[in-house]
Amino acid sequence: MTTKTKTYLAALIPLSAVAFFNPFGAINDQLSKFLFLFSCCLVSVILLFNKNPKLKNYPKFGFFLLYCGIFTGYLITILIHGQGAITALITLLPIIFAYSCFFIFYKLNIPKSKLLDLIKILAILGIVVYVINRIFYPNIIFGTKGGGDRAGMLRMWIPFIELQILMFFYYIEKAAKNGLSKNTALWIIVYGTMAILSVTRQVIILSFILGTLLYLYNTHGAKKIIVAIFICAICITIVPQLPIVEVITETTEQEAERTDGMENNIRLKAWEYYTEDAQESIITKIFGNGVPVLQKTQWGRKIDRHTNAELGGLGLYPTDVGWAGFYFYYGIIGTIGLILIFIKTIRYSLNHNKFWITAWLLLIAATSFASGQILYYYQIISLSMILYLVYGKNGHYNLRI
């Protein structure tokens, strides 16, 4: 199989996960998942007829525990919560395939440089889609998610935002090692702007904190001191005056007043609900509950009524507390597995001097405390691609900055 063919097959998976950007909202959620599953199966079948490298030097035990958690959660949702075996399996399949995409990319054995080029293209396509939707708003050209007000700003769907943050770190490290060229500076500005346009506080704050630390870590001597002083000066004088910062600060203060103390914080309530209140017993804490099929099963309707604000619930969504939601679905077994995958990959990327990947993994792990990046199958794909950049055989670690 040629490298070009491998690249096309690799591109098919993330593009199908976002329903090929869903022009005019023509593809519903079920069809979108089907396209993703079909693409993964198609690529897997093609790979059966090709000589593939043997899997080695990856977090085997972490993946073992992750799949054990998914499987035991699946059994619990049938045996304890009474969901049908087929219904429960269909609900789980996108998550199973999303985390398994690491193995698909590994078997594809695509050169890492080509996969990195693909990531750059996907990030740019995501920006193009966002700009088009923004121009034609309130009409939505791509996707079904209309704009909404968040923190006093218009918030719209940004496809592959997680890959744009990755590229933000990539070009920061490139600037630190090779100097700040016009091209590199442009991409830093573009991807930094996309982080801001995500209108997600933890993403904005952590992106710029980790980006700053990344740059300082890769510079030395007087240059590091000068850059540190310059950044501090900007943070003190310019940053507080930016409209986005003023809006975020004001919104945070309003939320603090509205919640009237930590005991009423909606995310803390969600954490308590998914880690304690919604747990049937110690068994579900260890082995997980599985994923409820909302509005289609008795248990799913019960969870939906209690958590869905539109149905009079408390507004406690698992995607607002990613790690707690993951723990609820797949138990302590699956959660430990995913944590081990993050820990080993962070250490491995550090040891191989790929600090831009380290920064991205830290951001994903941290922001998943208050978002659902480890639960959305179309964002898990990005994690699988990065895992291949770290552990893949083709090209070893020859990703030049």
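Shown above is the structure to which this text applies.
As the structure is a computational prediction, the values presented were derived from the model and not from experiment.

Caption draft 1: Layout of the overall build of the chain. Scanning the chain from terminus to terminus reveals 16 helices and 2 strands. Accessible surface, the chain as shown: approximately 19100 Å² in total, 66% of it carbon and sulfur.

Caption draft 2: Representation of helix 15 (residues 355-367). Its 13 residues place the ends of helix 15 18 Å apart at the C-alpha level, agreeing with the 18 Å of an ideal helix rising 1.5 Å per residue. Summarising burial for helix 15: 11 of the 13 residues are buried, a large majority. Listed as buried for helix 15 are F355, W356, I357, T358, A359, W360, L361, L363, I364, A365 and T367. Summarising the contacts, the buried residues of helix 15 are in contact with helix 5 (112-136), helix 6 (161-178), helix 8 (201-217), helix 14 (322-351) and helix 16 (377-391).

Caption draft 3: How the structure looks around empty space enclosed by the protein. If you walk through the whole model with that rule in mind, you get 2 cavities of 30 Å³ or more. Approximately 50 Å³ is the volume attributed to the largest cavity. In terms of lining, the largest cavity is formed by E162, W360, I364, Q373, I374, Q379, I380 and L383. No other element matches helix 16, which puts 3 residues into the lining of the largest cavity. Classifying every residue of the lining of the largest cavity gives 5 nonpolar, 2 polar and 1 charged.

Caption draft 4: Quick peek at the packing of aromatic side chains. Summed over all chains, the structure comprises 37 aromatic pairs. With a centroid separation of 5.9 Å and 70° between ring planes, the pair formed by F102 and Y106 is classed as edge-to-face. Of the two residues, F102 and Y106 both sit in helix 4 (residues 85-108), 4 residues apart, roughly one turn of that helix. Here F102 and Y106 have matching classes, each one buried.

Caption draft 5: Spatial organisation of the pattern of salt bridges. If you walk through the whole model with that rule in mind, you get 3 salt bridges. Here D29 makes a salt bridge to K33, at a shortest N to O gap of 3.4 Å. Taken together, the positions of D29 and K33, both in helix 2 (residues 29-47) and 4 residues apart, correspond to about one turn of that helix. For the salt bridge of E276 with K285, the shortest nitrogen-to-oxygen distance reads 3.0 Å. Relative accessible area serves as the criterion here: at 43%, E276 is assigned to the partly exposed category.

Caption draft 6: Main features of the nonpolar core. Ranked by size, the top nonpolar core spans 110 residues in total, and within it F36, M167, F169 and W356 carry the most contacts. In contact with M167, other than residues within four places in its own chain, are L116, I119, K120, A123, Y191 and W356.

Caption draft 7: Geometry of the packing of helix 5 against helix 16. Interaxial distance between helix 5 and helix 16 falls to 10 Å at its minimum, and their mutual angle equals 150°. The angle between the axes of helix 5 and helix 16 places the two elements in the roughly antiparallel class. In the packing of helix 5 onto helix 16, the handedness of the crossing is left-handed. Across the interface between the two elements, K112, L115, L116, I119 and L122 from helix 5 touch M385, I386, Y388, L389, V390 and Y391 from helix 16.

Caption draft 8: Representation of the side chain of N289 within the structure. By the secondary structure assignment, N289 is in the loop between helix 12 (282-287) and helix 13 (298-307). The exposure class of N289 is buried, given its relative accessible area of 0%. Within the structure, N289 has its side chain in polar contact with the side chain of H81 (distance 2.9 Å). In this structure the side chain of N289 is engaged in a polar contact, spanning 3.0 Å, whose partner is the side chain of Q279.

Caption draft 9: Representation of the side chain of N22. Mapped onto the secondary structure, N22 falls in the loop between helix 1 (3-17) and helix 2. A relative accessible area of 7% means that N22 is categorised as buried.

Caption draft 10: Here's a closer look at unusual backbone geometry. The peptide bond linking Y137 to P138 adopts the cis configuration, its omega dihedral lying at 15°. Mapped onto the elements, P138 comes out in the loop between helix 5 and strand 1 (148-150). With a phi angle near 60°, F24 is a residue other than glycine that sits in the positive phi range. Mapping F24 onto the fold places it in the loop between helix 1 and helix 2. Positive phi outside glycine occurs at N109, with the angle close to 55°. Examined against the element boundaries, N109 turns out to sit in the loop between helix 4 and helix 5.

Cut-off values and rules
- Residues numbered from 1 in each chain as written.
- Predicted model: local features only at pLDDT ≥ 70, side-chain atom pairs only at ≥ 80, totals over all residues.
- Heavy atoms only, no water.
- Helix = DSSP H or I, 4+ residues; strand = E, 2+ residues; numbered from the N terminus.
- Areas by Shrake-Rupley, 256 points an atom, 1.4 Å probe, with all protein chains shown as cover.
- Expected span 1.5 Å × (residues − 1).
- Buried < 20%, exposed > 50% of the residue type's maximum accessible area, 1.4 Å probe, protein only.
- Contact = heavy atoms within 4.5 Å.
- 1 Å grid on protein atoms, 1.4 Å probe; cavity = no way out; pocket = protein on both sides within 12 Å on 5 of 7 lines; lining within 4 Å.
- Points joined across faces, edges and corners; volume = space filled by probe spheres on them.
- Nonpolar A, V, L, I, M, F, W, Y, C, P; charged D, E, K, R; others polar.
- Phe/Tyr/Trp six-rings, centres within 6.5 Å; stacked < 30°, edge-to-face > 60°.
- Salt bridge = Lys/Arg side-chain N within 4 Å of Asp/Glu carboxyl O.
- Core = buried A, V, L, I, M, F, W, Y, C linked by side-chain atoms within 4.5 Å.
- Axes fitted to C-alpha atoms, helices over the stretch in contact; angles between N-to-C directions.
- Parallel < 35°, antiparallel > 145°, perpendicular 65-115°, else oblique.
- Left-handed = near helix turned anticlockwise from the far one by under 90°.
- Polar contact = N/O pair within 3.5 Å; in protein donor to acceptor, adjacent residues only side chain to side chain.

Coordinates in, geometry out; function isn't part of it.
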